[in-house]
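As a plain string of letters, each chain reads:
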Amino acid sequence: MRSRFSAFALGLPEYLLRSWDPHTRPDRSDFDLDDTVEWRRLFIADTTGGGPDDDAGFVTFTAIGRGQDGRFEQRERSRFARGADGHWRYVDGDAA
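Each value, and the rule that gives it
Residues numbered from 1 in each chain as written. Predicted model: local features only at pLDDT ≥ 70, side-chain atom pairs only at ≥ 80, totals over all residues. Heavy atoms only, no water. Phe/Tyr/Trp six-rings, centres within 6.5 Å; stacked < 30°, edge-to-face > 60°. Helix = DSSP H or I, 4+ residues; strand = E, 2+ residues; numbered from the N terminus. Buried < 20%, exposed > 50% of the residue type's maximum accessible area, 1.4 Å probe, protein only. Lys NZ or Arg CZ within 6 Å of the ring centre and 35° of its normal.

## Focus on the packing of aromatic side chains
Consideration 1: Per the stated rule, a full pass over the model turns up six aromatic pairs.
Consideration 2: Summarising the aromatic geometry, the rings of Phe-8 and Trp-39 are spaced 6.3 Å apart at their centres and angled 65° between planes, so their arrangement reads as edge-to-face. Remark: Trp-39 occurs in strand 1 (residues 38–49) and Phe-8 occurs in helix 1 (residues 2–10); sequence separation between them is 31 residues.
Consideration 3: With 5.3 Å between their ring centres and 80° between their planes, Trp-39 and Phe-72 make a pair best called edge-to-face. Linking Trp-39 in strand 1 with Phe-72 in strand 3 (residues 70–82), this pair joins segments that are 33 residues apart in sequence.
Consideration 4: Since its relative accessible area comes to 18%, Trp-39 is described here as buried.
Consideration 5: Three or more aromatic residues link up through ring pairs in this structure, and these residues are Phe-5, Phe-8, Trp-39 and Phe-72.
Consideration 6: Above the face of the Trp-20 ring, Arg-4 is positioned so that its terminal group lies 5.0 Å from the ring centre.

Next up, the structure:
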């Protein structure tokens, strides 16, 4: 989760797409970062699963950003899955 937040903050869409589960990943042509948003802070509220013996895990977080309309918070419970290569990938998330 922290690496994906950093990728949003640094404007690295290719990393975000690589770290996305291929079953839920958008097409590159449908995925653009909003360059008017400045991501400032990430708070991890809870994690479930995601250990060395798990194939799935959840992260509940709040991301703080600033856009054209000022400060905002994005809260989400994200689902991650370990791929066959052992790397964790973002599957999807629900607003928290």
